[in-house]
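# Observations on the model geometry
Chain by chain, the residues run as shown.
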Amino acid sequence: MTPDLATVRSLHRFPVKSMQGEDLDEAIVEPAGVLGDRAYAVVDAADGTVASAKYPRKWAALLGLRAAFVTEPRAGAAPPPVAVTFPDGVVRRSDEPGLDDALSALLGRTVRLESRPAPEAQFEEQWPDIDGLAPAGFIEATTVEHSAEGEAVSRIGIGSLAPEGTFFDLAVLHVLSTATLEALHAAAPASDFDPRRYRPNVLLDVPGADFAEDGWVGSNLEFGAGLRVTVTMSTMRCVMTTLAQDGFAEDRDTLRTIAKHNRRTIEGMGTWACAGVYADVDGGGTVRRGDVVRIVG
């Protein structure tokens, strides 16, 4: 049987969690994901909470910042310093004084940039009032407060399915297809389903307008330079995908559309609004823009 084929349209790395990141021509991918991805996070100095724009009232301003490595990360080494560009165009480096103070002033609370989470670190997530977004039992069990809009806010442990000591929410590699974006656009033409809303590591060109990657769960993706990954589950979507960023406005209809048209049951976790897939990395390798990807069982 001939495997299905896709092509790598773009590659993305996010040196600091919830900030804008870097577009890459090629990426080294290891068992812990794209080398350098989510190497840092902003952490609340008072209680160790890992800042995530999934709680917009506290942390949405992070999306207005852009982080880039000063030098390329090296496998097995500590992450190199990052340069953070602020909305006013000022660039501050993590290896120079002043970055933590500037971040604290922007966010209105004392924070620091960290390269490892504290043991049992948590992040916060706000749940928009959207039918079918997530299992009600999960939301109820994890809710610790409510937002100004009256929506539930959860506290959730970092990296439940990711390597210990990383800042991933759940898994190490996120793959999204153009077919899924086309399906969402067809369902809601007035909304902007820019791929930047979804922060994939790998965006694949796939013909058509359906939720193609949901059918890859349990399959392998083989990239041109010997990289092989195993698709483990569909990617649950959140309020962060609705927020305004440079180039597009806030739009909760983007998330309502996913909840209406692509709810997927994830084994042991219930039914969620999904777009894209998570994957584990088998060994490692290099992926490049334009690589042909084989989708094999």
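This text follows the structure it describes.
Presented here is a report on the structure given in the accompanying data block. It should be emphasised that the depicted structure is a prediction, and the values quoted were computed from it without experimental measurement.

When helices and strands are counted, the protein shows five helices and 20 strands. Over its C-alpha trace the protein gives a radius of gyration of 18 Å, about what one expects of a compact globule, namely 19 Å for 297 residues. The dimensions of the protein, computed from C-alpha atoms along their principal axes, are 55 × 45 × 35 Å. When each of the 297 residues of the protein is scored for burial, the buried share is 55%. Carbon and sulfur atoms make up 48% of the accessible area of the protein, which amounts to about 12900 Å² in all.

This paragraph deals with the side chain of K58. With respect to the helices and strands, the residue K58 is situated in helix α1 (residues 56-59). The class for K58 is buried, based on a relative accessible area of 10%. Those residues in contact with K58 that lie beyond four places of it in its chain are D44, L107, R109 and E124.

Formed by 35 residues in total, the largest nonpolar core has its most connected members in W127, L133, Y198, M236 and W272. Grouped together as the second largest cluster of nonpolar side chains are 29 residues, V172, L204, W216 and L227 included.

Turning our attention to the packing of aromatic side chains. For the coordinates displayed, the defined rule picks out three aromatic pairs. Between W127 and W272 the ring centres are 6.2 Å apart and the planes differ by 50°, which places this aromatic pair in the tilted class. Placement of W127 in the loop between β10 (122-126) and α3 (136-142) and of W272 in strand β18 (residues 270-281) is noted, with a sequence separation of 145 residues between them. Note on accessibility: W127 and W272 belong to one class, buried. The rings of W127, F138 and W272 are connected pair by pair, giving a single aromatic cluster. The side chain of K17 reaches across the aromatic face of F123, ending 5.8 Å from its centre. Above the ring of W59, the side-chain terminus of R109 is found at 5.5 Å from the ring centroid.

Our next topic: helix α2 (residues 99-107). Along α2, the residues classified as buried are L99, A102, L103, S104 and L107. Taken together, the buried residues of α2 touch β5 (41-44), α1, β7 (82-85), β8 (91-93) and β9 (111-114). Phi for G108, located one or two positions after α2, is positive at around 75°.

A few words now on the environment of L113. In this structure, L113 sits in strand β9. Relative accessible area serves as the criterion here: at 15%, L113 is assigned to the buried category. For L113 and Y40, which are 73 residues apart along the polypeptide, the C-alpha to C-alpha distance reads 6.7 Å. With near-sequence residues (within four places) excluded, L113 lies in contact with V16, Y40, A41, V42, V82, S94, L99 and D100.

Here we come to the sheet that holds strand β3 (residues 26-30). In space, the three strands of this open sheet follow the order β4-β3-β19, with antiparallel pairing throughout. Because the sheet does not close on itself, it has two edges, and the strands there are β4 (33-34) and β19 (285-288). Pairing of β3 with β4 involves two bridges; the strand directions are antiparallel. For V29, the partnering residue across the bridge sits in β4 and is V34.

What follows covers the pattern of salt bridges. With the rule as written, the count across this model stands at 21 salt bridges. Of the charged contacts, one joins D44 and R109 as a salt bridge, the two residues approaching to 3.7 Å between their closest N and O atoms. Of the two residues, D44 sits in strand β5 while R109 sits in the loop between α2 and β9, which places them 65 residues apart along the sequence. The class of D44 is buried, set by a relative accessible area of 5%. Classification of R109 as partly exposed rests on a relative accessible area of 27%. Between E96 and R93 there is a salt bridge; the shortest N-O distance is 3.8 Å. What makes E96 partly exposed here is its relative accessible area of 44%. What emerges from the salt-bridge pattern is a single network uniting R13, E22 and E72.

Criteria and thresholds
- Residues numbered from 1 in each chain as written.
- Predicted model: local features only at pLDDT ≥ 70, side-chain atom pairs only at ≥ 80, totals over all residues.
- Heavy atoms only, no water.
- Helix = DSSP H or I, 4+ residues; strand = E, 2+ residues; numbered from the N terminus.
- Rg over C-alpha atoms; globule rule 2.2 N^0.38 Å.
- Buried < 20%, exposed > 50% of the residue type's maximum accessible area, 1.4 Å probe, protein only.
- Areas by Shrake-Rupley, 256 points an atom, 1.4 Å probe, with all protein chains shown as cover.
- Contact = heavy atoms within 4.5 Å.
- Core = buried A, V, L, I, M, F, W, Y, C linked by side-chain atoms within 4.5 Å.
- Phe/Tyr/Trp six-rings, centres within 6.5 Å; stacked < 30°, edge-to-face > 60°.
- Lys NZ or Arg CZ within 6 Å of the ring centre and 35° of its normal.
- Pairing = 2+ DSSP bridges.
- Salt bridge = Lys/Arg side-chain N within 4 Å of Asp/Glu carboxyl O.

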